Amino acid sequence: MEPLQQHVPRSVEDVFSDFQGRRQGLINALTSDVRKFYELCDPEKENLCLYGLPDASWDVNLPVEEVPPELPEPVLGINFARDGMQERDWLSLVAVHSDSWLLAVAFFFGGRFNFGKNERKKLFQLINDLPTVFEILKASFKQSKDHSGTPHNSSSKKSSAKSRLSENQTKGVKVSTPKEEEESGEEEEEDDEEQGVTLCGACGENNPNDEFWICCDICEVWFHGKCVKITPAKAEHIKQYKCPGCSSKRARV
């Protein structure tokens with residue numbers, strides 16, 4: 001996010017120090033500053049990214065406009081899945097992507113400044129001795145559970161009321177309830193895959209028949225309407241639906 005020339009770590013120690021700062025910023029966003037982070041990730045906004053900065057701060061912002069960017073970019077659209085998942089699952093997903101981004105940035109610097117085999121190995125060993133952002137997050141979940149004595153309740157949990165599918169199908173947009181298996185009762189994942197049970201492309205879950213679904217006309221993946229912020233009424237005005245992933249790919253071309 002920050003211009004490369006303003007922060008240019010050249011040695012293994014410099015790159016590792018940069019890694020530590022960015023990592024601490026991400027940890028802060030997902031633990032001590034989690035409520036502020038949650039509020040900033042508004043699903044109504046455009047594609048947002050979580051940036052860890054070298055000074056151990058963090059920022060939720062739009063991706064840079066330069067193509068290609070000066071530094072590897074974090075995963076896009078973390079805000080879109082916020083209300084479609086349990087809060088812990090969503091934070092864990094962001095943490096895993098954040099770990100991947102940290103490695104990408106560190107080894108980008110290594111490649112830019114021609115680190116040799118021994119230097120890359122040293123850098124990896126220094127990084128590998130630290131717990132990942134995801135591991136720190138899991139530990140914070142456990143501490144929270146131990147202190148409270150009850151499982152953490154997601155603040156993103158919504159009403160159990162289901163959006164019924166309108167009988168009037170939207171023209172040009174695949175809006176429907178995905179076809180369910182006729183023979184129910186077998187709940188194992190292997191059986192589900194064999195019998196064609198459709199899973200939401202955002203939350204990975206399959207809900208009852210009365211759940212409102214919409215299909216992306218580009219990648220043909222089905223989504224719960226609530227996961228992508230599309231209601232039956234809104235879908236009626238969409239001629240061609242593109243999911244958040246396909247929309248971001250189109251924007252970056």
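Residues numbered from 1 in each chain as written. Predicted model: local features only at pLDDT ≥ 70, side-chain atom pairs only at ≥ 80, totals over all residues. Heavy atoms only, no water.

1. Remarks on the overall build of the protein
A tally of helices and strands in the protein yields eight helices and four strands. For the protein, the α and β elements follow one another from N to C terminus as α-α-β-β-α-α-α-α-β-β-α-α. Counting across all 253 residues of the protein, residues that qualify as buried make up 38%. Long-range contacts, defined here as pairs at least 24 residues apart, represent 66% of the contacts in the protein between residues at least 6 apart. (Helix = DSSP H or I, 4+ residues; strand = E, 2+ residues; numbered from the N terminus. Buried < 20%, exposed > 50% of the residue type's maximum accessible area, 1.4 Å probe, protein only. Contact = heavy atoms within 4.5 Å.)

2. Let's talk about the pattern of salt bridges
For the structure shown, the criterion picks out five salt bridges. Taking the shortest distance from any N to any O, the salt bridge between glutamate 13 and lysine 122 comes out at 2.6 Å. Pair noted here: glutamate 13 is in helix 1 (residues 12-30) and lysine 122 is in helix 4 (residues 117-128), with a separation of 109 residues, a long-range link. Classification of lysine 122 as partly exposed rests on a relative accessible area of 38%. Arginine 35 is the partner of glutamate 87 in a salt bridge, and the nearest nitrogen-oxygen pair spans 3.1 Å. Of this pair, glutamate 87 sits in helix 3 (residues 87-112) while arginine 35 is found in helix 2 (residues 34-40), placing the two residues 52 residues apart along the sequence. Beyond isolated ion pairs, a larger network of salt bridges with shared partners links Arg82, Asp83 and Lys229. (Salt bridge = Lys/Arg side-chain N within 4 Å of Asp/Glu carboxyl O.)

3. Examining the nonpolar core
Leu30, Phe37, Leu50 and Trp90 are the most contacted members of the largest nonpolar core, which totals 54 residues. Contributions of two or more residues to this core are made by helix 1, helix 2, strand 1 (49-52), strand 2 (58-61), helix 3, helix 4, helix 5 (133-148) and strand 3 (213-215). Tallying contributions element by element places helix 3 first for this core, with nine residues. Apart from residues lying up to four places away in sequence, phenylalanine 37 is in contact with Ala29, Leu30, Leu50, Trp58, Val60, Ile78, Trp90, Leu91 and Val94. (Core = buried A, V, L, I, M, F, W, Y, C linked by side-chain atoms within 4.5 Å.)

4. Description of unusual backbone geometry
Despite not being glycine, alanine 56 shows a phi value in the positive range, around 75°. Examined against the element boundaries, alanine 56 turns out to sit in the loop between strand 1 and strand 2.

5. Considerations on the environment of serine 11
In this fold, serine 11 is placed in the segment before helix 1. Of the residues examined, serine 11 reaches a relative accessible area of 27% and is grouped as partly exposed. The spatial distance from the C-alpha of serine 11 to the C-alpha of phenylalanine 109 is 9.1 Å, given a sequence separation of 98 residues. From its side chain, serine 11 meets the backbone nitrogen of aspartate 14 in a polar contact 3.1 Å long. (Polar contact = N/O pair within 3.5 Å; in protein donor to acceptor, adjacent residues only side chain to side chain.)

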